[in-house]
Amino acid sequence: MPLCNASALEHDRWAIIDAREKVRGESPRARWGHSMHVLASNGQSARARVLLSFGGEVLYPGPLASTRTDELWSFDQHMRWRLLHPSSAVSPSARRLHAATVIDGGDTLLLSGGLGRDGWPIPELWTLKLNSSSASGGAAPAQAELSAAWSVAPMRSPSEGRAALCRFA
């Protein structure tokens, strides 16, 4: 039986999570081409870190049954998944095979590019700011207290990206 160690996120070590016994609530469907990063809300201690998973190709039962997604999921030290709905008016479109990294002390995700639903590269740069309204004493934030907001800085228009891609194809 796989070992589930809830403190693995706190101590930067690997542990197998037995989803059938330990993970509570709804969880994301199987996917590939997504990004997953550890973020700390509002610069909180390691105990307040969460895993964020964005996008990817979501798999469904059946032959070649999949679709790109723009879902943003969080996973905390209490073994809970939560589908986040950022408060921003705009958000990145569905994509897979994008690049992402954590910046600004660990509470901001920088997301770049990827392939959209139409298979074309997406020439965009997004940031996601993670917030926790009342986590105190370094304790992990309650799920209801976790929020996020996207902002965008376009790199160039999609038509420029496609024209450049076509010239080299």
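Structure first, text after, so check above.
Computed from a predicted structure; not experimentally measured. (Residues numbered from 1 in each chain as written. Predicted model: local features only at pLDDT ≥ 70, side-chain atom pairs only at ≥ 80, totals over all residues. Heavy atoms only, no water.)

Caption draft 1: Spatial organisation of the pattern of salt bridges. Inspection of every chain in the model, using the stated rule, returns six salt bridges. Linking Arg68 and Glu57 is a salt bridge whose minimum nitrogen-to-oxygen distance equals 3.5 Å. Within this pair, whereas Arg68 is found in strand E5 (residues 66-68), its partner Glu57 is found in strand E4 (residues 57-59), the two being separated by eleven residues in sequence. What makes Glu57 buried here is its relative accessible area of 7%. In this structure, Glu57 and Arg96 form a salt bridge, with 4.0 Å as the shortest nitrogen-oxygen distance. With a gap of 39 residues between them, Glu57 in strand E4 and Arg96 in the loop between strand E7 (81-84) and strand E8 (99-103) connect regions that are remote in the sequence. Salt bridges sharing partners connect three or more residues here, namely Glu57, Arg68 and Arg96. (Salt bridge = Lys/Arg side-chain N within 4 Å of Asp/Glu carboxyl O. Helix = DSSP H or I, 4+ residues; strand = E, 2+ residues; numbered from the N terminus. Buried < 20%, exposed > 50% of the residue type's maximum accessible area, 1.4 Å probe, protein only.)

Caption draft 2: Representation of the packing of aromatic side chains within the structure. Scanning the model with the defined rule gives four aromatic pairs in all. Considering the side-chain rings of Phe54 and Trp150, the 5.3 Å spacing of their centres and the 65 degrees angle between planes classify their relative orientation as edge-to-face. You can see Phe54 sitting in strand E3 (residues 49-54) and its partner Trp150 sitting in strand E11 (residues 146-152), a full 96 residues away along the chain. As far as the burial class goes, Phe54 and Trp150 line up, both buried. Taken together, a centroid distance of 4.7 Å and an interplanar angle of 45 degrees make the contact between Phe75 and Trp81 tilted. (Phe/Tyr/Trp six-rings, centres within 6.5 Å; stacked < 30°, edge-to-face > 60°.)

Caption draft 3: Quick look at a nonpolar patch on the surface. Together, Trp32, Leu59 and Leu97 make up an exposed nonpolar region whose accessible area comes to about 280 Å². Here Trp32 lies in strand E1 (residues 31-32). Looking at Trp32, the relative accessible area reads 37%, which means it is partly exposed. (Patch = residues over 30% accessible without salt bridge, like charges linked within 9 Å, V, L, I, M, F, W, Y side chains within 5 Å. Areas by Shrake-Rupley, 256 points an atom, 1.4 Å probe, with all protein chains shown as cover.)

Caption draft 4: Representation of the sheet that holds E5. Across the sheet, three strands lie side by side as E1-E4-E5; this open sheet has antiparallel pairing. Either end of the sheet is taken by a strand with one partner, and the two such strands are E1 and E5. Bridging between E4 and E5 involves three bridges; their strand directions are antiparallel. Across the sheet, residue Glu57 finds its bridge partner in E5, namely Arg68. (Pairing = 2+ DSSP bridges.)

Caption draft 5: Up close: the nonpolar core. Judged by nonpolar contacts, the single largest core of 13 residues is most densely connected at Leu52, Leu72, Leu128, Leu130 and Trp150. Only E3, strand E9 (108-112), strand E10 (125-132) and E11 provide two or more residues apiece to this core. Membership of the second largest hydrophobic core comes to six residues, among which are Leu51, Trp73, Phe75 and Met79. (Core = buried A, V, L, I, M, F, W, Y, C linked by side-chain atoms within 4.5 Å.)

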